[in-house]
Structure formats: C-alpha cells, structure tokens
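Okay, here's what each chain looks like letter by letter:
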2 protein chains.
Amino acid sequence: MTKQENTVSLKNIIKASKNVYQHLSPTPLRYYQQLSDSIGAKVWLKHENHNPTCAFKVRGGINCVAQLSKEQRQAGLYTASTGNHGQSIAYASKLFGAKAVVYVPKNANSGKVAAMQSYGAKVVHFGDNFDQCRAAALEAANQNKGLFIGPTDDILINGVGSYGLEIMNDLPDVDVIIVPVGAGSGICATAMVAKTINPDIKIIGVQSAQAPAQQLSWLKRELIEADNTTIAEGVATGVPFINTQETMWKYVDEFVLVDDKDIIKANKILSETTHNLIEEASASTFAAALQLKEQLKDKSVVLVMSGGNISMQNLSKLIGD
Amino acid sequence: MTKQENTVSLKNIIKASKNVYQHLSPTPLRYYQQLSDSIGAKVWLKHENHNPTCAFKVRGGINCVAQLSKEQRQAGLYTASTGNHGQSIAYASKLFGAKAVVYVPKNANSGKVAAMQSYGAKVVHFGDNFDQCRAAALEAANQNKGLFIGPTDDILINGVGSYGLEIMNDLPDVDVIIVPVGAGSGICATAMVAKTINPDIKIIGVQSAQAPAQQLSWLKRELIEADNTTIAEGVATGVPFINTQETMWKYVDEFVLVDDKDIIKANKILSETTHNLIEEASASTFAAALQLKEQLKDKSVVLVMSGGNISMQNLSKLIGD
C-alpha cells in the first residue's frame, strides 16, 4: 500500500468499503419517533454500536490489516489505545492472522482489555495516559520491526468512512449529522463523504466540556491542549491531532461542548428509548441535539452512535439515578 | 392470503423472507470467545435484539401485514400482547399504513407500551393477563369487522423463520440451537428450518422454572397450565398454545428449565461481555447452556437472543448486584 492510495477521499473511502464489507455488514440507520418528538426534528440514530467490538473503529482496523503483506502481519502491529481503537486493531488482526500488541494505560477499562485479549492481542499496561502508551508502542514497533498504527492514520479514516456511505445511501436527504469527536477519525470520515456528496449537509462535532481540546483547537485553528477529566472515554482527548484538525477546519460547520452531567441524562433517555447499550461519547450527540433544538427544528438529523462500550460501573450509575 | 399458503413449512418460510427483507436486514450471528471459554463450546449469539422493536417478532408482523388487502389494513388489526408481539404488529402496521389496536394488561411494561404508541398503535389497557386481553381483542375485532391476530398464527411463524434461515446460511455446521420459549413461535420457526435442512441439529427449548407451562406440556404431550411468576416477560407463558406445542412435540429434542436467579446471573455476564442490552428471555438460553455444559462440550452452539427489551428497573437490579 502506498501513501497516495490511502489519502482520505471519497474515492478511497469507496475502495476501502470493499475491504470492510468482506467482513462486516452495514449497520442500521434507525428512525425514532420518541427522540424526534423530544427534539422537534426527524431523528435517526446510526447504530455503530451494532458492529463487532461494538464501535465504528473496527471498520478502519479491517481496511488497514486487509492491505498488509503476509510479512507485515507476521512482524506484528503495534498500537496504543484507551479502548475502542485497540479493540479494532485486535479484532482485525485476528481476522487476518496478524500479530497485535496494544499498549493501554494502567487504569484502562477492564472490559475493553478483556475484549482485546479475547481477540488474541497482547495487551501491555503502561503509563498513565494515551500519549505515554503511544511513545512506548512506537518504540516497541521500531525495536521489533513491526508496524506502528496511530489512531488517526488515513488508512483507518478511509475504512471508517464506510459508515458515512451508509448514511448517505439510506438517507440522501439528511440535513445535519452530529458526530462525537475523540481522535477525530469518525467525524473526518463522515464529513469527507457527506460534504463531497452534498456540501449543504451540516456537520456538527461534539466533545465534553470536561475535555475540550479538539473543540478549542478547531475554534482557534491551532493545536491546543486542554484538561481531560470527562467520563466519556470515546471523546476523552486532551491532546489534539493535526491531521484530523486540518480536515475538521475544512469540513466541520460547528463544534459544541456538552457537560458530562447532560451526557449522562441523554444516555438514560437513549437507553430507555432504544434498548441499546450506548457509550457516553455516543450519548453526547443527543445531548448536543437537545442543546441545539432551535436550529434543528424540522430538519432530518442523524446522530452517530459511535459505540456501546459503556462500563458496567457507569451503566449502573446511569440507570440508578 | 389463504390458509394453505401460510401453513408453516420451509418453503413458506423462504417465501415469507421475501416480505421480511423488503423492510429488514439480516441480524448478526456473532461468535464470542469469552462465552465460548465459559461453556467449553463454540458459542454464537443470534442478535435478534438488533431488529427494529428490539425483538425477533417484528419479522412475523411484517410478513402478516404485507399480505393484507387495503380494506383489511383500513378495517384494522386487533391483537393482545404483554409486549414484543404487540410492538411487532404496531411497527408493521405503521410500515403499511394499517390501523392497529393492541390490548395489554393493566400492569404492562411501560417502555413497551410507549414504543407501541410511538408506532401509532392504539393501546388499550385491559385486565390482568394475556388471556383476558386476548378475549377482549377478539371481541373488539368482531365488533369492528377487523382482523384478530394471535401471537402464534402460522403467518407470523413463517415470517419469524427468516432468522432460522440466516442462522443456517451463516453457520451451516451448527450442532445445537437453544431458543427461549414464550408462545413458541420462535422455536417452532427455528426448528422447522433447521430440522428440515439437517435433522441432526439439536433444538433445545428453555423456559423459566417460575413459568413452566410450555415445558410441562411438551414433556407430557398434552396442554398443561402452570404458575407464571417469572420476571422474564419473553418466556412468561402460563397457558400453552396447541399449534406451537404440536410442532414442538415433533421437532424439539430437549426442553430445560432455568431458575430466574440463574437467568439474572447469565444476563449480567452477557451484558458485560457483549455490550448489548439483553432481555431476560434471551439470557435464559445462556443460563441453559451453562447448565448443559457437559453435553455441549466442543459443539457449535447458537443461542438465540430473542430480544433486548429489558425494563430499566430490572436492568438496574441486574447491574447493581
């Protein structure tokens, strides 16, 4: 695979989808009358939580590992993750018989770690946060002549874009798509597909007010680090990524912050209404929609349910409230 | 539609699937290493909880309403339900612009009632149990020249059989399929498909020990009523149905009871491992597999996750334990 073949574009997303659909089926885009009534708009959820690994990222992992040579798969893939990205690489590596090593922070979500291990990945607990894990994984990859995979590599974004294609295929008249922003691969892929097909579609990013680095960087058009204390793992980014920021500067129309306590309230409504397990990052999109009610009035709105990997502890708090 | 066109058979299930796939996509059959390790077998879950309405029954509702005339749709469908069947008829009626009236017991699960109403059905709270609702719905149908739909009508079973086709298509070498038994449409449809394609496949039914009527009737080959105090709504049947019993007498190999407390334990493991919301009836299949560990050793086993409509109250207890 060459760099050029994997720059992010609608064409390369379509090509990537061929790899993705060798191993995955499209996820449902589902209309909910009760959610629509509460927003005053037509509200669809894109159920990326229905994927294996219960998160959208698996699409990127599959597109990546599918394109590696036998030698690369044997030499191994090294990555760092707080959860969903690591599961994606672990799951895809199992599919293609590749070796996978995932560095996770010492306090990583034990459910996600167990899932990675069940796919056969070696999980290394290291340091306190993603950045320390990233450095360790990069070093291990170099020492072992393995391949380091970063969470926002273009090849992953192209694979992830397949869910954007599905949204446009199922609902060509969509007006607004609201996407949670972690590292940024999801929103960049979605925006690339939607804006290329119809520049009038509004793309709105969401982060937690307790982890606003990506939002601040998007507003200022420069990389800004920020506090990162949110409970919403999937949007818990304290250090922004330049490649996804550059794409967001180009394609994202609006970027809102929602408070953790509003994410929890939104998640309770989503769980009760949809009978899906929804992780906090996904729920942030519904919290944002509630916040943006007036501008969404009567529009066709898609909320991206990026994943379902809520911890049992947080679920317990959520339901108990 | 004639009676003969809708008797339950593999041929008619294949025909019904054409109606079903006009409006639904196949659900995933997913392998779980962690569940496999705990049973000592290869364990797949059939995720019927991923359907709209979060339950398998919607397949039957669609096959039924698809075959009605414009006049029948306008005259209206009348049915009785404690939840998932009513949601199925309500959802399908909305798809085809039919009028739907669902009689539910006074203490019906409020989440399921809200869902039926969100699909535009008229919900009538009546009496204390399914049988009283059934009598009232039948009378209302006669008075209003509408069509009464019973929960085990052949036309529904044929639609439901499409998930059996999907299991056989995705895993032709399956050895054992474990299915929760409520009214019995799920297990009859599954057994009809699986046994016709490969009579060696073992079909195991499950009910709660706190609602054993269908199991006792199956064992004795006669209709026996029994106490019905289970928390597992989807298998809470106190009065057996003759048409599904006759099919089960022919096709079901084994029928086990599991205690409510073991269902709850099983559900906790399923929720943690799969990050899906799972209703108790679905979890009964995993409780049964744990009970049958020895005979399942090294086999390829499918557990049917019939639905995901657990009440928030029961979910709270489950996670809190």
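Reference entry: report on the structure contained in this document.

Scoring rules and cut-offs
- Residues numbered from 1 in each chain as written.
- Chains lettered and ligands numbered in written order.
- Predicted model: local features only at pLDDT ≥ 70, side-chain atom pairs only at ≥ 80, totals over all residues.
- Heavy atoms only, no water.
- Helix = DSSP H or I, 4+ residues; strand = E, 2+ residues; numbered from the N terminus.
- Rg over C-alpha atoms; globule rule 2.2 N^0.38 Å.
- Buried < 20%, exposed > 50% of the residue type's maximum accessible area, 1.4 Å probe, protein only.
- Contact = heavy atoms within 4.5 Å.
- Pairing = 2+ DSSP bridges.
- Axes fitted to C-alpha atoms, helices over the stretch in contact; angles between N-to-C directions.
- Buried area = accessible area lost by both parts, 1.4 Å probe.
- Salt bridge = Lys/Arg side-chain N within 4 Å of Asp/Glu carboxyl O.
- Polar contact = N/O pair within 3.5 Å; in protein donor to acceptor, adjacent residues only side chain to side chain.
- Phe/Tyr/Trp six-rings, centres within 6.5 Å; stacked < 30°, edge-to-face > 60°.
- Lys NZ or Arg CZ within 6 Å of the ring centre and 35° of its normal.
- Left-handed = near helix turned anticlockwise from the far one by under 90°.
- Nonpolar A, V, L, I, M, F, W, Y, C, P; charged D, E, K, R; others polar.
- Core = buried A, V, L, I, M, F, W, Y, C linked by side-chain atoms within 4.5 Å.

1. Some words on the overall build of chain A
- A tally of regular secondary structure across chain A gives 15 helices and 10 strands.
- Taking 321 residues into account, the globule formula puts the C-alpha radius of gyration at 20 Å, and chain A, at 18 Å, falls close to it.
- Viewed in the frame of its principal axes, chain A has a C-alpha envelope of about 55 × 40 × 40 Å.
- Across the 321 residues in chain A, those meeting the buried criterion constitute 62%.
- Across chain A, every contact between residues at least 6 apart in sequence was considered, and the portion connecting residues at least 24 apart equals 72%.

2. Examining the sheet that holds strand β2 (residues 42–47) of chain B
Residues and elements named next belong to chain B.
- Ordered by their spatial adjacency, 6 strands build an open sheet running β1-β2-β10-β7-β8-β9, and the pairing between neighbours is mixed. Looking at strand neighbours, the two that pair on one side only are β1 (29–31) and β9 (254–258), the edges of this open sheet. Geometrically, the sheet is characterised by an average inter-axis angle of 25° between neighbouring strands, direction not taken into account.
- Here strand β8 (residues 202–208) runs beside β9; their pairing, made up of 5 bridges, is parallel. In the strand pairing of β9, Ile204 is matched with Glu254.

3. So, the interface of chain A and chain B
- Listed as interface residues are 25 residues of chain A and, on the opposing side, 25 residues of chain B.
- Surface buried jointly by chain A and chain B totals about 2,100 Å² across both partners, of which 63% is contributed by carbon and sulfur atoms.
- Ranking the residues of chain A by area buried against chain B places His275, Met312 and Ile319 of chain A at the top, with a combined share of 29%.
- The tally of links between chain A and chain B comes to 0 salt bridges.
- On inspection of chain A and its partner chain B, the count reaches 9 residue pairs in polar contact (both at pLDDT 80 or more).
- Mapped onto the side of chain A that touches chain B, the elements with two or more residues apiece are α2 (33–39), α6 (110–118), α12 (260–274) and α15 (312–320) of chain A.
- No other element matches α15 of chain A, which puts 5 residues into the side of chain A that touches chain B.

4. Structural notes on the packing of aromatic side chains
- Scanning the entire structure with this criterion turns up 12 aromatic pairs over all chains.
- Geometry around Trp218 of chain A places Arg221 of chain A over its ring, the cationic atom sitting 5.0 Å from the centre.

5. Regarding helix α10 (residues 213–220) of chain B
- Three or more residues of α10 of chain B are buried, namely Ala213, Gln214, Gln215, Ser217 and Trp218 of chain B.
- In the core, the buried residues of α10 of chain B are packed alongside β8, α11 (242–251) and β9 of chain B.

6. A few points about unusual backbone geometry
All names here are of chain B.
- Of note in this structure, Thr53 is not a glycine but carries a positive phi near 70°.
- Secondary-structure assignment places Thr53 in the loop between β2 and α3 (58–66).
- The residue Lys145 is not glycine, and still its phi comes out positive at about 55°.
- Among the structural elements, Lys145 can be located in the loop between α7 (130–143) and β6 (147–148).

7. A look at the sheet that holds strand β8 (residues 202–208) of chain A
Residue and element names in this part refer to chain A.
- Strands sit in the order β1-β2-β10-β7-β8-β9 across an open sheet of 6 strands; the sheet is mixed. The outermost strands of the open sheet, each flanked by one partner alone, are β1 (29–31) and β9 (254–258). In this sheet, adjacent strand axes meet at a mean angle of 25° when their direction is disregarded.
- In terms of strand pairing, strand β2 (residues 42–47) meets strand β10 (residues 300–305) through 6 bridges, oriented parallel. Within the sheet, the bridge partner assigned to Leu45 lies in β10 and is Leu303.
- Helix α10 (residues 213–220) contacts β8 and β9 of the sheet and is inclined by roughly 150° relative to β9.

8. Quick notes on the packing of helix α9 (residues 185–197) of chain B against α11 of chain B
Residues and elements named next belong to chain B.
- Relative to each other, α9 and α11 sit at 40°, their axes nearing to 9 Å. Both α9 and α11 take part in a crossing whose hand is left-handed. Facing α9, whose interface residues are Ser185, Ile187, Cys188, Ala191, Met192 and Lys195, α11 presents Thr244, Thr247, Met248 and Tyr251.
- A breakdown of the residues in the contact of α9 with α11 according to their chemical character gives 6 nonpolar, 3 polar and 1 charged.

9. Quick notes on the nonpolar core
- Ranked by internal contacts, the top residues of the largest apolar core, which has 33 residues, are Ile177, Ile187, Ile203, Met248 and Val302 of chain A.
- The biggest single contributor to this core is helix α9 (residues 185–197) of chain A, with 7 residues.
- With residues up to four places along the chain from it excluded, the contact list for Ile177 of chain A reads Ile167, Thr190, Ala194, Ile201, Lys202, Ile203, Ile204, Val302 and Val304 of chain A.
- Counting 32 residues, the second-largest nonpolar core is a separate cluster that includes Leu165, Ile177, Val252 and Val302 of chain B.

These figures capture arrangement, not role.
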